[in-house]
Amino acid sequence: MKKLSIKAIVVLMAGSLLSTSCIGSFSLFNKYEQWQCNMTSNKFVNGIVGLILQPIVGSVCLFVDALVLNTIEFWSGNNPMAAGETRQVMGQDGRYYAVKTLKNGYEVKAPTGEITVFTHDEATDSWSITQDGVTKEIFRFNADGTIQANLQNGQILTVTNDMAGLEQVRIAVSGDVFYALR
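Residues numbered from 1 in each chain as written. Predicted model: local features only at pLDDT ≥ 70, side-chain atom pairs only at ≥ 80, totals over all residues. Heavy atoms only, no water.

**Q** I tried to follow the overall build of the protein chain on my own but got confused; where do I start?
**A** Within the protein chain one finds four helices and eight strands. Expressed as a percentage of the 182 residues in the protein chain, the buried residues total 20%. Nonlocal contacts in the protein chain, meaning residues at least 24 apart in sequence, comprise 18% of its contacts between residues at least 6 apart. Here the protein chain displays about 13,900 Å² of accessible surface, and carbon together with sulfur accounts for 62% of that area. (Helix = DSSP H or I, 4+ residues; strand = E, 2+ residues; numbered from the N terminus. Buried < 20%, exposed > 50% of the residue type's maximum accessible area, 1.4 Å probe, protein only. Contact = heavy atoms within 4.5 Å. Areas by Shrake-Rupley, 256 points an atom, 1.4 Å probe, with all protein chains shown as cover.)

If you want it as C-alpha cells, here you go:
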C-alpha cells in the first residue's frame, strides 16, 4: 500500500470539515448564486455569464464562507451576512408577512403595512417589541437561568426556561382555563 502524502491528508481533512452540516449556512455563496441566476431575464445569458464567473467568484465566495463567515456563525450564533435579508413568511392567519433580519433583531411588515420591530438588547439580554413608536420589553433572560416575562396586563412573571415555564406563561396570557370532566 502506498503511503499517503501530507498534502493528501490535509486535503482529505479539509474536505471532511467542509462537508459537515454544522458549520454554517453559506449565506455569501447563496446570495451570489441567487444574483447569478437572476441577473438578467434570459436564463441562457445567465448560464453563459455563470460559466465565466463561477470558477473565480464562486470559488472565492465558497472559500470565504467556509473558512470565515461560517466559522463566525458557528461560534457566535450570528450570521454576518444575514443582516438586511428579507423573507416572506406565512402567518397563522394564512397571510404573508415580510420579515427582515436586522443586526440586532427583526422587522416584520404585515400585509396591511404595519411595521413591528423585535429588538435584542445584549446588555440586558432582553427582547423588546416596538409598535407605533412605543417600545415595550417582552422578556429577558436572568443570570440564574430563569426568564422574566412581561405580560400585556403589566404583570411580571418569572419562570423556568423549559416547557413548564412556557406553560405557565401560556396560562397567564390566556387567563382562566376551564376543563370539562366526564
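**Q** Explanation requested: the packing of aromatic side chains in the structure shown.
**A** Within a pair of aromatic rings, the relevant descriptors are the distance that separates the centres and the angle that separates the planes. Throughout the structure, instances matching the rule amount to four aromatic pairs. Centre to centre, the rings of Phe 139 and Phe 141 are 5.5 Å apart; their planes meet at 85°, and the pair counts as edge-to-face. Using a relative accessible area of 26% as the deciding quantity, one classes Phe 139 as partly exposed. Taking the relative accessible area as the measure of exposure, Phe 141 reaches 33% and is therefore partly exposed. Three or more aromatic residues joined by ring pairs make a cluster, and in this case those are Phe 29, Tyr 32 and Trp 35. (Phe/Tyr/Trp six-rings, centres within 6.5 Å; stacked < 30°, edge-to-face > 60°.)

**Q** Even after reading the chapter, I still don't get the environment of Glu 114, so can you show me in this structure?
**A** Take Glu 114: it is sitting in the loop between strand E3 (105-109) and strand E4 (115-121). In this structure, the C-alpha to C-alpha distance between Glu 114 and Gln 131, residues 17 residues apart in sequence, is 8.3 Å. Ignoring any residue separated from it by four or fewer positions in sequence, one finds Glu 114 in contact with Val 108 and Lys 109.

**Q** For this particular structure, what's the right way to read the pattern of salt bridges?
**A** When charged atoms on two side chains of opposite charge get close, those side chains can pair. Applying the stated rule across the entire model yields three salt bridges. Close ionic contact of Asp 93 with Arg 95 constitutes a salt bridge, the shortest N to O distance being 2.9 Å. Residue classification places Asp 93 among the partly exposed residues on the basis of a relative accessible area of 43%. Here Arg 170 and Glu 167 are joined by a salt bridge, their closest N and O atoms 2.5 Å apart. Of the two residues, Arg 170 and Glu 167 both sit in helix H4 (residues 163-174), three residues apart, roughly one turn of that helix. (Salt bridge = Lys/Arg side-chain N within 4 Å of Asp/Glu carboxyl O.)

**Q** Where do I start with the pairing of strand E2 (residues 96-102) in this structure?
**A** When a strand is regular, its side chains alternate between the sheet's two faces. Bridge count for strand E1 (residues 86-90) against E2 is five bridges, and the pairing is antiparallel. Paired with Met 90 across the two strands is Tyr 96, which belongs to E2. As consecutive antiparallel partners, E1 and E2 are separated by five residues, and within that stretch Gly 94 has a phi angle of approximately 85°, a positive value. Bridge analysis of E2 against E3 gives five bridges, and the strand direction is antiparallel. Following the sheet pairing, Lys 100 is matched in E3 by Glu 107. Linking two consecutive strands that pair antiparallel, namely E2 and E3, is a turn of two residues. (Pairing = 2+ DSSP bridges.)

**Q** For this particular structure, what's the right way to read a nonpolar patch on the surface?
**A** A contiguous nonpolar surface patch, about 390 Å² in accessible area, is contributed by Ile 6, Ile 9, Val 10 and Met 13. Along the chain, Met 13 falls in helix H1 (residues 6-18). (Patch = residues over 30% accessible without salt bridge, like charges linked within 9 Å, V, L, I, M, F, W, Y side chains within 5 Å.)

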